[in-house]
Amino acid sequence: IVAGRLDRVGGLLDESWRLKKQMASNVSNGHLDAVYEIARRAGAEGGKISGAGGGGCLLLCAPRKRHKAVRAAMEAAGLREVPFAIEPEGTRIIHFTDDEPNTRHPGRGRAPARKPA
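**Q** Describe the overall build of the protein, with residues and values.
**A** Broken down by element type, the protein carries three helices and two strands. When the helices and strands of the protein are placed in sequence order, the string is α-α-β-β-α. When the 117 residues of the protein are sorted by exposure, 21% land in the buried category. In the protein, of all internal contacts separated by at least 6 residues, the share reaching a separation of at least 24 is 36%. Of the accessible surface of the protein, which amounts to about 8800 Å², a share of 56% is contributed by carbon and sulfur atoms.

Encoded structure:
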């Protein structure tokens, strides 16, 4: 990423996904595997699951020209898109609820970062 080789990120995520699955059986499950393969067939180059024990979020990397197809495939599979942006300042705490607008534009629908007490 730092070297500007964003075209390699999807493939590296896919390689990491496959290697992790070889190392342990609890890295994924049948549902996540099926959704991941649907995303790949729609044009995603790779992905990563994130969350406490068995996922919760699925980050996908796809060329811009495939975004619409991947979004449609994930929506058809019952997944909801959660917008995000890469923050140059690092991780920020946000609040995301079902009643917030479903926007695909980073920076909208976000609560401001909270300062530690």
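**Q** Can you tell me about the side chain of Asp 14, naming the residues and giving the values?
**A** Relative to the assigned elements, Asp 14 resides in helix 1 (residues 9-23). A distance of 2.5 Å separates the side chain of Asp 14 from the side chain of Tyr 36, its partner in a polar contact. Excluding its chain neighbours within four sequence positions, the residues that come into contact with Asp 14 are Tyr 36, Arg 40, Glu 45, Gly 46 and Gly 47.

**Q** Break down the nonpolar core for me, with residues and values.
**A** Val 35, Ala 39, Ala 42, Ala 44, Ala 62, Val 70, Ala 73 and Met 74 form the largest nonpolar core, which has eight residues in total. At the level of elements, helix 2 (30-42) and helix 3 (67-76) are the ones that each hand at least two residues to this core.

**Q** If you had to explain the packing of helix 2 against helix 3 to someone new, which residues and values would you point to?
**A** Relative orientation of the contacting elements helix 2 and helix 3 amounts to 150°, with a least axis distance of 8 Å. By the angle between their directions, the pair helix 2 and helix 3 is classed as roughly antiparallel. Of the two elements, helix 2 crosses helix 3, and the hand of that crossing is right-handed. Residues Val 35, Ile 38, Ala 39 and Ala 42 of helix 2 form the contact with helix 3, whose own contacting residues are Ala 69, Val 70, Ala 73 and Met 74.

**Q** Describe the packing of helix 1 against helix 2, naming the residues involved and giving the relevant values.
**A** Following both chains from N to C, one finds helix 1 and helix 2 inclined at 155°, their axes separated by 13 Å at the closest point. Between helix 1 and helix 2, the interaxial angle falls into the category roughly antiparallel. Considering how the two elements wind past one another, helix 1 and helix 2 form a crossing that is left-handed. Of helix 2, the residues touching helix 1 (which contributes Asp 14, Trp 17, Arg 18 and Lys 21) are Leu 32, Asp 33, Tyr 36, Glu 37 and Arg 40. Residues belonging to the contact of helix 1 with helix 2 are distributed by class as follows: three nonpolar, no polar and six charged.

About the cut-offs
- Residues numbered from 1 in each chain as written.
- Predicted model: local features only at pLDDT ≥ 70, side-chain atom pairs only at ≥ 80, totals over all residues.
- Heavy atoms only, no water.
- Helix = DSSP H or I, 4+ residues; strand = E, 2+ residues; numbered from the N terminus.
- Buried < 20%, exposed > 50% of the residue type's maximum accessible area, 1.4 Å probe, protein only.
- Contact = heavy atoms within 4.5 Å.
- Areas by Shrake-Rupley, 256 points an atom, 1.4 Å probe, with all protein chains shown as cover.
- Polar contact = N/O pair within 3.5 Å; in protein donor to acceptor, adjacent residues only side chain to side chain.
- Core = buried A, V, L, I, M, F, W, Y, C linked by side-chain atoms within 4.5 Å.
- Axes fitted to C-alpha atoms, helices over the stretch in contact; angles between N-to-C directions.
- Parallel < 35°, antiparallel > 145°, perpendicular 65-115°, else oblique.
- Left-handed = near helix turned anticlockwise from the far one by under 90°.
- Nonpolar A, V, L, I, M, F, W, Y, C, P; charged D, E, K, R; others polar.

The analysis is restricted to geometry; functional conclusions fall outside its scope.
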